[in-house]
Amino acid sequence: MDASVKEKSSHDDHSHHEEAFIWKYVFSIDHKVIGIQYGVTALLFLFFGFTLMMLMRWQLAYPGEAIPVISGLFSETTMPDGIMLPEFYNSLGAMHGTIMVFLAVVPLVVGAFGNYLVPLQVGAIDMAFPKLNMASYWVYFVGGIVMLVGFWMPGGAANSGWTSYPPLSNIATTGQTVWLLGMVFLITSSLLGSMNIIVTIVQLRAEGLTWMKLPFFTWAQLVTSFLLLLAFPPLEAAGVLQLMDRLTGSSFFMPSGLVVSGEVLDIAGGGSPLLWQHLFWFLAHPEVYVLILPALGIIAEVIANNTRKPLWGYKSMVYATIFLGFISFTVWAHHMFLTGMGTAINAFFQTTTMIISIPSVIILTALMISLWGGSIRFNSAMLFACAFLPMFGIGGLTGLPLGLTASDIHLHDTYYVIGHFHYVVAPGTIFAIFAGIYYWYPKVTGRAMNEMLGKIHFWLSLIFINGIFFPMFIQGLAGVSRRLYDGGASYAHAQDYLYLNEFMSISAWLLALAQIPFIINFFISWKSGQKAGDNHWDATTLEWSATTSPPLGHGNFEVVPTVYRGPYEYSVPGKDKDFTPQNEA
Amino acid sequence: MSEWILQYLYLPQDLSSHGHELDSLTGWVHLLMLILFVGWGAFYLLTVFKFNKKRNPSADYKGVKTHVSSYLEITVAVIEAVLLVGFSIPLWADVVDNIPEETAKDVVPIRIIAEQFAWNIHYAGPDGKFGRTAPELVDLSNGNPVGIDKNDPNAADDVTTVNQLNVPMNKQILVKLTSKDVIHSFFLPVMRVKQDAIPGSEFPLKFTAVSKGDNDGKYEIACAQLCGLGHYRMRGYYNIMTQEEFDAWMGEQQELLKAAGEDDGW
Amino acid sequence: MNIPFTTNPRPDTGVYNAKLGIWLFLASEVMLFGALFSSYILIRVGAPEVGENAWPLGSDILSVPVAFTNTMVLITSSITMVMAWASLAMKKFDKYKMFMGITIALGLTFLVIKGFEYNSKFEHHLFPSTSNFMAIYFTITGLHVLHVIGGLIVNFYLWIPGAKMWESDPERFTNRIEVAGLYWHFVDLVWIFLFPVLYLL
Amino acid sequence: MSHSAEEVQKHVKVYITVFAALMVLTGVTVGASYLHLGSTAMNITLALIIAGIKGTLVAGYFMHLFTEKAIINWTLALTVVFFIVLLLVPILTELDTISLI
Ligand code: HEA
Ligand code: HEA
Ligand code: CUA
Ligand SMILES: [Cu+2]
């Protein structure tokens, strides 16, 4: 219903007079402006999530020592005399995870890249429902603010992990309620956004742009949107149930006979703590593919462009992506292997988990083989894309021992898991995001970023990020649990590996310093970067070859393009240019 | 081969009867990962070296023409299938099936009730039967952390400890695991045991210690699931004893119980 | 430039944008209510056979006649909704006004009856904290009520202020009614399952 | 769907028939709940079958699914698959645990 009410296109009502600032830049319904809004907001959240993590890393490296210099910034209830309290550590962990996943990475890869690029790549003049698009951004924005408000609640922000397992989260402080409310907003925003992307791709494709001519990035966005559309609602339902538990005293997730601090809880009981886990992971496993698929899409575009040759195995990549999306709905309980599953269910979930690794291998292999025979230009975007491959490789491969229950027994909930998923999200997705920013910056701003600064940013980031995450595998194998306020200092079996904590923390702070060239580059180039032409990278997809840089305010294209060929016609034998745009007759 | 790679994997010592098999799976998987990573890595490095713009000014439209990669993918799938069907599924079945009877010979039943932030351990005592417990009866100040109904005849010889798990060597230990409040996870690194303790359900768990290891039997119980602000210090002690040591300790506990019983007459 | 296929279907897919949009939205709604039904089943299967936590029979606690009436009301509002769309398709705007008016009235009736029902539960001290049955009852029906309210707001908009579009762009207005109708029928459809599951079993 | 006036006229007849069927089936649901079919499971099954028929009527006729375009039916088919996964697996999990109680 809202779809039809809000869809009304604005271009006709506004095209003849100057738009007021507020309509043009704040409540804009132009997908490009919304994309930029998403991008900037999410980068700020990324920065914030990073900051939270740096505080945690202080505590992990030097447990119980007062934090220098900035200790005055914190209140008595979080860091008295600069010494972090366990409650605050837990809040930081939960909020770091939540912010990174739901407020930084998803909004970046779907909200920013998806919003900005999908209509351009399919040759559409805007999203199918521009007003819904605006609503999606603002709902996200409100959700973000609500999440942050949690830090000022009595008892601090949510502190039961980003997974919020009840009963712990049910009896947690008010911050948890705020977290749940925030999640409801974020989920709604994602739903609106994903509907919009699907309809745009299905309905607004330019003439001649058949399915197998879509850029891989657009394919990735399409599958991702389906994941968001169908996996998010169960978490919304779970959120509603937990809100009921917390606000009305129901006991969906509370079994009978709970004794907290020696007192029997006065509740009806009869609920199931595992119900939450099922609903949460029903979302959260597809969610991890939401984090990685668009990233793979970005990488594919950058690689095709900079190797100057078509992607190898484009079709099998597309089929693998669809299959991956499909099967990602059937693996969720691999996060719950140790919750008391029987053999049958267990065998089922570890089998699907092994199956799901195959399409990932196919995609990765195709990308790697695409490099062979290329004429590779190593610009900043390509460097990040190239590093992505082995980094995602490490992250993905370490998923295998976690996916086999017998080896997961020892590794579950240790730093091995933390290492596994950070390799896929940080040097994986975050690197892909960097690649995407360097690559599309000229399109968005009309200016290119500085290559020198970009390369410094790349090499330093690559070194330090491995310095943070590789030692985690060692700690994890040694049996150091995750989410430990003291980083394992009180456990005998962790003693031999504690020295790594300091090493990882220092790497993390150096990684922060390594971002300075990027931040400078990002802002300086906006106004004074080298001017870029419409097709700065000699690319073939529509966003480069049929639009201006930056794209026109209204309607994106001077002439709505018609598509004649596949997305990656580089170095076609017999042509004098080494690229043949999709819209070239 | 799997032994070879295990040397480099930093796993803690394994003192259990079943851990060896789990570890060898871990070893095999890591071996597979290593081979894949090194193989692909070599190809990758070669490619980025060989095909940069200087060395190869014009790209090849077709690129790789063979289908070797498909065979490779199939091989990966087959190896994964072998690890899955040959190792992981049967190993897991071995872990969760054939849970022994509480009363069976050579089985030591122990109830473990996790709470924020301690491990309450409840031994059945010489009669091998647990007394009735109920949440209302939990009384921390009176030394009854698990809520044993002291009027139940089976309860008379029940021993409870907090954060101290003593087990005899070479006997099958049957742990019945639950929690009073939130979800915890019972983790014995040297035993290769980990199981979530979920309030409202009781899960069986079996293991056998076969050696005292390098640390003379003294190890730790870790909590592996975030359970609140004290999660990081929810540590218990785990003591592997010989049968004689265990019997002696149990005897001592029975004496103490009798003495206490004479004092307040329950 | 206007966004294409807002009114006429795209030839190769055969649908206009909003129709695909609403169906995607409904697909996500299916998963939302599906998750709640799934929770209901899990909790019910896990409930003990006897004792104070045993699962009650819905009809012992809830009023079947009231819910029966409400089911009839909602089903009737579904047919009037589809008639409203059919009237527009036959270019009979007056009839559209009438049918849409009835639909809204029936929707409101549903809410009023539901209000009385909730109220009588509260008077008998039945709250979500009373038992898991009451909790799931309040959660699912509450969410359903929110959906009804949302639908009513849209329908009302299309009944009075939004109906101006009939003059300027009748085709598109008819589409809007179709889309609003799809949503409204879905809300009805959810209720069709809620009624036996909560009240009768 | 093209909706010429005559066609819609025909549809209206169908709508009214469907409406009548829905009303009757609602009555049947209530009636059936008073039957004792031996076990709760049987009663639940019967009630869900009737609700299923009613749902199909609403979706098929009021929401035009019977004559809808392939793309929409495919989307829904996909949703239904995931919906079934969502419904089944928590139940299976409940049945296949190693729990003692
Ligand atoms: C982007 C995110 C992302 C991705 C892509 C993945 C991918 C995979 N994940 Fe991961 N996972 C997470 C994010 C992700 N995961 C998160 C966030 C958690 C923890 C949540 C929490 O508890 O808080 C988690 C936890 C997690 C667990 C639970 C562990 C536990 O708690 O005990 C498991 C278990 O099965 C698992 C398995 C897998 C598997 C099998 C894959 C597979 O899809 C991987 C397939 C990929 C490959 C097999 C690599 C193939 C490539 C090569 C071989 C090429 C090599 C290349 C070169 C050398 C150039 N993951
Ligand atoms: C997408 C998800 C994501 C990302 C990207 C990250 C990134 C990082 N994470 Fe995080 N993490 C999680 C998701 C993520 N994490 C989750 C889900 C958990 C589990 C929480 C829980 O237990 O509940 C977790 C937990 C977690 C822990 C474990 C805590 C514990 O168990 O006690 C640690 C410890 O070191 C950690 C560290 C890091 C580090 C060093 C990074 C670094 O890689 C960060 C790198 C970041 C950058 C390089 C950003 C640079 C960008 C900018 C500076 C922006 C510039 C701005 C403009 C231009 C405007 N994370
Ligand atoms: Cu108990 Cu963590
Ligand atoms: Cu997963």
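Placed above this text is the structure.
Numbering of residues begins from 1 in every chain and follows the order in which that chain's sequence is written. Both sets of labels track the order of writing: A upward for chains, 1 upward for ligands. In keeping with the model being predicted, local features are shown solely for residues with a pLDDT of at least 70 and side-chain atom pairs are shown and tallied solely at 80 or more, while totals for entire chains, interfaces and linings include all residues. To get the side-chain values, take all heavy atoms of the structure and skip hydrogens and water.

Novice: Break down the overall build of chain D for me, citing the residues and quoting the values.
Specialist: Comment: elements are numbered from the N terminus, with helices defined as DSSP H or I runs of at least four residues and strands as E runs of at least two. Broken down by element type, chain D carries three helices and zero strands. Counting helices and strands in the order they occur from the N terminus, chain D gives α-α-α. To sort residues, take the accessible area from a 1.4 Å probe on protein chains only and compare it with the maximum for the residue type: under 20% means buried, over 50% means exposed, and anything in between is partly exposed. Within chain D, buried positions represent 40% of all 101 residues. Note on contacts: a residue pair qualifies if any of its non-hydrogen atoms lie within 4.5 Å across the two residues. Long-range pairs, those at least 24 residues apart, make up 59% of the contacts in chain D with a sequence separation of at least 6.

Novice: How would you explain the coordination of the iron atom of ligand 2 if you had to name every residue and give the values?
Specialist: Metal coordination angles in their ideal form are 109.5 degrees for the four-donor tetrahedron and 90 or 180 degrees for the six-donor octahedron. All names here are of chain A. Within the first shell, the iron atom of ligand 2 binds the protein through His 96 (NE2) and His 422 (NE2), at distances of 1.9 to 2.0 Å. Donor atoms are limited to N, O and S found within 2.8 Å of the metal ion, a distance that becomes 3.2 Å for Na, K and Ca. With water left out, some sites might look partial. Metal sites are grouped by the angles between bound donors: all angles between 85 and 135 degrees with four donors is tetrahedral, opposite donors over 155 degrees apart with the others between 65 and 115 is square planar for four donors and octahedral for six, and any other pattern is irregular. Angles of 88 to 179 degrees at the metal separate the six donor atoms of the iron atom of ligand 2, which places the site in the octahedral class. A residue pair is termed long-range when its members are at least 10 positions apart, and His 96 in helix H5 (residues 86-121) and His 422 in helix H15 (residues 415-445) qualify at 326 residues. Residue classification places His 96 among the buried positions, given a relative accessible area of 14%.

Novice: So what's going on with a nonpolar patch on the surface? Which residues, and what values?
Specialist: All names here are of chain A. Together, Ile 506, Leu 510, Leu 513, Ile 516, Ile 520 and Ile 524 make up an exposed nonpolar region whose accessible area comes to about 500 Å². Counting only elements with at least two residues in the nonpolar patch, the list comes to helix H17 (499-514) and helix H18 (516-528). Along the chain, the position of Leu 513 falls in helix H17. Residues enter a patch when their relative accessible area is above 30% and they make no salt bridge; the linking distance is 9 Å between like charges and 5 Å between nonpolar side chains (Val, Leu, Ile, Met, Phe, Trp, Tyr). Only the protein chains shown count as cover for residues, with accessible areas throughout obtained via the Shrake-Rupley method and a probe of 1.4 Å. One side-chain nitrogen of Lys or Arg within 4 Å of one carboxyl oxygen of Asp or Glu is enough to make a salt bridge.

Novice: Before we move on, could you go through the packing of aromatic side chains and cite the residues and values that matter?
Specialist: Within 6.5 Å between ring centres, the rings of Phe, Tyr and Trp (the latter by its six-membered ring) count as paired, and their orientation is classed by plane angle as stacked under 30 degrees, edge-to-face over 60, tilted in between. One pass over the full model with this rule turns up 83 aromatic pairs over all chains. Arranged with centres 5.0 Å apart and planes meeting at 80 degrees, the rings of Tyr137(A) and Trp138(A) form a pair that is edge-to-face. Judged by relative accessible area, Tyr137(A) falls into the buried class, the value being 4%. Trp138(A) sits in the partly exposed class, given a relative accessible area of 21%. Pairwise contacts between aromatic rings join Phe384(A), Phe431(A), Phe434(A), Tyr438(A), Tyr441(A), Phe458(A), Trp459(A), Phe518(A), Phe522(A), Phe523(A) and Trp526(A) into one cluster. Here, over-ring charges are defined by two tests on the NZ atom of lysine or the CZ atom of arginine: distance to the ring centre within 6 Å, and angle to the ring normal within 35 degrees. Its guanidinium or amino end placed over the ring of Phe49(B), Arg55(B) lies 4.1 Å from that ring's centre, counting from NZ or CZ. Against the face of Phe187(B) rests Lys194(B), its NZ or CZ located 4.0 Å from the ring centre.

Novice: With reference to specific residues and values, describe the sheet that holds strand E4 (residues 164-168) of chain B.
Specialist: Residues and elements named next belong to chain B. We call two strands paired when DSSP finds no fewer than two bridges between them. A sheet is described by the order of its strands in space; here five strands give the open sequence E4-E10-E9-E6-E7, paired in mixed fashion. Looking at which strands have only one partner, the edges of the open sheet turn out to be E4 and strand E7 (193-197). Pairwise comparison of adjacent strand axes, ignoring direction, gives a mean angle of 25 degrees for this sheet. When strand E6 (residues 184-188) meets strand E9 (residues 218-223), the two strands line up antiparallel, connected through two bridges. Note on E9: the bridge partner recorded for Phe 187 is Ala 222. Fitted lines through C-alpha atoms give the axes, limited to the stretch in contact for helices. The angle between two N-to-C directions lies from 0 to 180 degrees.

Novice: Break down the pattern of salt bridges for me, citing the residues and quoting the values.
Specialist: Inspection of the entire model under this criterion finds 16 salt bridges over all chains. Residues Arg132(B) and Asp149(B) are paired through a salt bridge, measuring 3.1 Å at the closest nitrogen-oxygen approach. Of this pair, Arg132(B) sits in the loop between strand E2 (118-123) and strand E3 (159-162) while Asp149(B) is found in the loop between E2 and E3, placing the two residues 17 residues apart along the sequence. With a shortest N-O distance of 3.1 Å, Lys114(C) and Glu117(C) are connected by a salt bridge. With Lys114(C) and Glu117(C) both in helix H4 (residues 93-123), this residue pair falls three residues apart, about one helical turn.

Novice: Describe the site of ligand 1, listing the residues and the values that go with them.
Specialist: One heavy atom suffices: a residue is near a molecule or strand as soon as one of its heavy atoms comes within 4 Å of it. Tyr289(A), Asp408(A), His412(A), His420(A) and Arg482(A) are the nearest of the 34 residues found near ligand 1. Looking at the residues close to ligand 1, they fall on chains A and B. Counted as a polar contact is a pair of N or O atoms within 3.5 Å, where, for protein atoms, one must be capable of donating a hydrogen and the other of accepting one, and residues adjacent in sequence contribute only when both atoms are in side chains. Between ligand 1 and Gly403(A) there is a distance of 3.2 Å, counted from an oxygen atom to a backbone nitrogen or oxygen. Here His420(A) contributes a side-chain N or O atom positioned 2.9 Å from a nitrogen atom of ligand 1.

Novice: So what about the coordination of the copper ion (ligand 4)? Which residues, and what values?
Specialist: Residues and elements named next belong to chain A. Coordination of the copper ion (ligand 4) by the protein comes from His 285 (ND1), His 334 (NE2) and His 335 (NE2), over a distance range of 1.8 to 2.1 Å. Sequence spacing among the residues donating to the copper ion (ligand 4) works out to H-x48-H-H. The iron atom of ligand 1 is placed at 4.6 Å from the copper ion (ligand 4). Of this pair, His 285 sits in helix H9 (residues 273-307) while His 334 sits in the loop between helix H10 (314-327) and helix H11 (343-371), and the two are 49 residues apart along the sequence. In this pair, the class of His 285 matches that of His 334, namely buried.

Novice: Residue-level account of the interface of chain B and chain A, with values.
Specialist: If you look at the interface, chain B gives 83 residues, while chain A gives 93 residues. A combined buried area of about 7,500 Å² lies between chain B and chain A, and 69% of that area is made up of carbon and sulfur atoms. The largest contributions to the chain B side of the interface with chain A come from Tyr61(B), Trp92(B) and Tyr232(B), which together make up 11% of the buried area. Between chain B and chain A we count 30 residue pairs in polar contact (both at pLDDT 80 or more) in total. Of all elements in the fold, only helix H2 (19-50), helix H3 (68-96), E7 and E9 of chain B reach the threshold of two or more residues within the side of chain B that touches chain A. Ranked by residues supplied to the side of chain B that touches chain A, first place goes to H2(B) with 16 residues. Gly is placed with the polar residues, together with every amino acid not listed as nonpolar (Ala, Val, Leu, Ile, Met, Phe, Trp, Tyr, Cys and Pro) or charged (Asp, Glu, Lys and Arg). Class assignment of the residues belonging to the side of chain B that touches chain A gives a composition of 51 nonpolar, 16 polar and 16 charged. Defined in terms of a 1.4 Å probe, buried area is the accessible area two parts forfeit on being brought together, summed over both.

Novice: Describe the sheet that holds E3(B), listing the residues and the values that go with them.
Specialist: Residue and element names in this part refer to chain B. Pairing in this open sheet of five strands is mixed, and the strands run E3-E2-E1-E5-E8 from one edge to the other. In this open sheet, the two strands that pair with only one neighbour each are E3 and strand E8 (203-208). Taken over all neighbouring pairs, the strand axes of this sheet differ in orientation by 25 degrees on average, direction set aside. Here strand E1 (residues 107-115) runs beside strand E5 (residues 172-179); their pairing, made up of eight bridges, is parallel. Among the inter-strand pairings, Val 108 is bridged to a residue of E5, identified as Ile 173.

Novice: Quick one: what's the story with the pairing of strand E10 (residues 236-241) of chain B, residue by residue and with numbers?
Specialist: All names here are of chain B. With five of its six residues buried, E10 lies for the most part within the structure. Across five bridges, E4 lies against E10 in parallel orientation. Counterpart to Asn 166 in the pairing with E10 is Asn 239. Pairing analysis gives four bridges linking E9 to E10, with the strands arranged antiparallel. Considered in E10, the bridge of Lys 218 is made with Asn 239.

Novice: Give a detailed account of the nonpolar core, specifying residues and quantitative values.
Specialist: Here, nonpolar core means buried Ala, Val, Leu, Ile, Met, Phe, Trp, Tyr and Cys residues that are tied together by side-chain atoms lying within 4.5 Å of each other. Core analysis: the biggest nonpolar cluster contains 349 residues, and Phe216(A) and Leu367(A) have the highest contact counts within it. Contacts of Leu367(A), omitting those with residues within four sequence positions, involve Leu296(A), Ile299(A), Ala300(A), Ile303(A), Leu311(A), Met317(A) and Leu389(A). Core analysis: the next-biggest nonpolar cluster, separate from the first, contains 39 residues, Leu168(A), Leu177(B), Tyr219(B) and Phe246(B) among them.

Novice: I'd like to hear about the arrangement of the chains, residue by residue, with values.
Specialist: In this assembly, five pairs of chains are in contact, and the pair contributing the most contacts is chains A and B. Taking C-alpha atoms only, the smallest gap left between chain B and chain C, which are not in contact, amounts to 11 Å.

Novice: Now, about the site of ligand 2: what can you tell me, with residues and values included?
Specialist: All names here are of chain A. Neighbouring residues of ligand 2: 36 residues in total, closest Arg 57, Tyr 89, His 96, His 422 and Arg 483. The separation between a nitrogen atom of ligand 2 and a polar side-chain atom of His 422 is 2.8 Å. Separating an oxygen atom of ligand 2 from a side-chain N or O atom of Arg 483 is a distance of 2.6 Å. Broken down by secondary-structure element, the contributors of at least two residues to the shell around ligand 2 are helix H4 (31-61), H5, H15, helix H16 (451-477) and H18.

Novice: Can you break down unusual backbone geometry residue by residue, with the values?
Specialist: Excluding glycine, a negative phi dihedral is what most residues carry, and trans is how most peptide bonds are arranged. Residues and elements named next belong to chain A. The omega angle of the peptide bond from Pro 166 to Pro 167 is 0 degrees, so this bond is cis rather than trans. In this fold, Pro 167 is placed in the loop between helix H6 (130-149) and helix H7 (175-203). With an omega of -10 degrees, the peptide bond between Ser 549 and Pro 550 qualifies as cis. Checked against the element boundaries, Pro 550 lands in strand E5 (residues 547-552). Its identity is not glycine, yet Val 69 carries a phi of approximately 60 degrees, on the positive side. Along the chain, Val 69 falls in the loop between H4 and H5. Owing to a relative accessible area of 83%, Val 69 belongs among the exposed residues under this scheme.

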